[in-house]
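Tertiary structure, described
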Amino acid sequence: MSKNPFSHIDLRVPNFEEVLPFYEKLLPALGFTRVFHTSRWKVFAAEGDLPSVAYFSITEDPAHVPNCQGS
């Protein structure tokens, strides 16, 4: 089994209800067709066995401040 070169993406969002409909349409279209959801994390994975396949995980964090670089 080869190691996944991309691993995963963790995304923090202020509110699940606002963003999940978007990601529930986008991520399957990009090949993230399997879901492993808990109350704290919404995980969309590619076909195959975790952790050797790419996955995209979303958690709700209303207090999170993005780390943006100003120009």
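You'll find the structure just up there.
Residues numbered from 1 in each chain as written. Predicted model: local features only at pLDDT ≥ 70, side-chain atom pairs only at ≥ 80, totals over all residues. Heavy atoms only, no water.

**Looking at the packing of aromatic side chains**
Applicable threshold: Within 6.5 Å between ring centres, the rings of Phe, Tyr and Trp (the latter by its six-membered ring) count as paired, and their orientation is classed by plane angle as stacked under 30 degrees, edge-to-face over 60, tilted in between. Here a strand is any run of E in DSSP of at least two residues, a helix any run of H or I of at least four, and the numbering for each starts at the N terminus. Exposure categories follow from relative accessible area, calculated using a 1.4 Å probe and restricted to protein chains: below 20% of the type maximum is buried, above 50% is exposed, and the middle band is partly exposed.
Following the criterion strictly, the structure yields three aromatic pairs and no others. Ring plane angle 80° and centroid distance 4.9 Å describe the contact between Phe-22 and Tyr-23, whose orientation is recorded as edge-to-face. Ring plane angle 65° and centroid distance 6.3 Å describe the contact between Phe-32 and Phe-56, whose orientation is recorded as edge-to-face. Placement of the pair is Phe-32 in the loop between α1 (16–29) and β2 (34–35) and Phe-56 in strand β4 (residues 55–60), with a sequence separation of 24 residues. You'll find Phe-32 and Phe-56 in the same group, each marked buried.

**Quick notes on a nonpolar patch on the surface**
The criterion, for reference: Put simply, a patch holds well-exposed residues, over 30% relative accessible area, that have no salt bridge, with like charges counted together within 9 Å and Val, Leu, Ile, Met, Phe, Trp or Tyr side chains within 5 Å. Where accessible areas are quoted, they stem from the Shrake-Rupley method and a 1.4 Å probe; at the residue level, only the protein chains shown are allowed to cover. The term salt bridge refers to a side-chain nitrogen of Lys or Arg lying within 4 Å of a carboxyl oxygen of Asp or Glu.
Residues Phe-22, Leu-26 and Leu-30 make up a contiguous nonpolar surface patch of about 290 Å² in total accessible area. Its place among the elements puts Leu-26 in helix α1. Overall, Leu-26 belongs to the partly exposed group, its relative accessible area being 32%.

**With respect to the sheet that holds β2**
For clarity, the cut-off: Pairing between strands requires that DSSP locate at least two bridges from one strand to the other. Any two residues having at least one pair of non-hydrogen atoms within 4.5 Å are treated as being in contact. Here, axes are lines fitted to C-alpha atoms. For helices the fit covers the stretch in contact, and angles between N-to-C directions go from 0 to 180 degrees.
Ordered by their spatial adjacency, four strands build an open sheet running β1-β4-β3-β2, and the pairing between neighbours is mixed. Strands at the two margins of the open sheet, each flanked by one partner only, are β1 (8–13) and β2. Strand direction decides the pairing type here: β1 and β4, joined by six bridges, are parallel. If you follow His-8 over to β4, its bridge partner there is Tyr-55. On top of the sheet, α1 reaches β1, β3 (41–45) and β4; it is set at about 170° to β4, its chief contact.

Just geometry here; none of it tells us what the structure is for.
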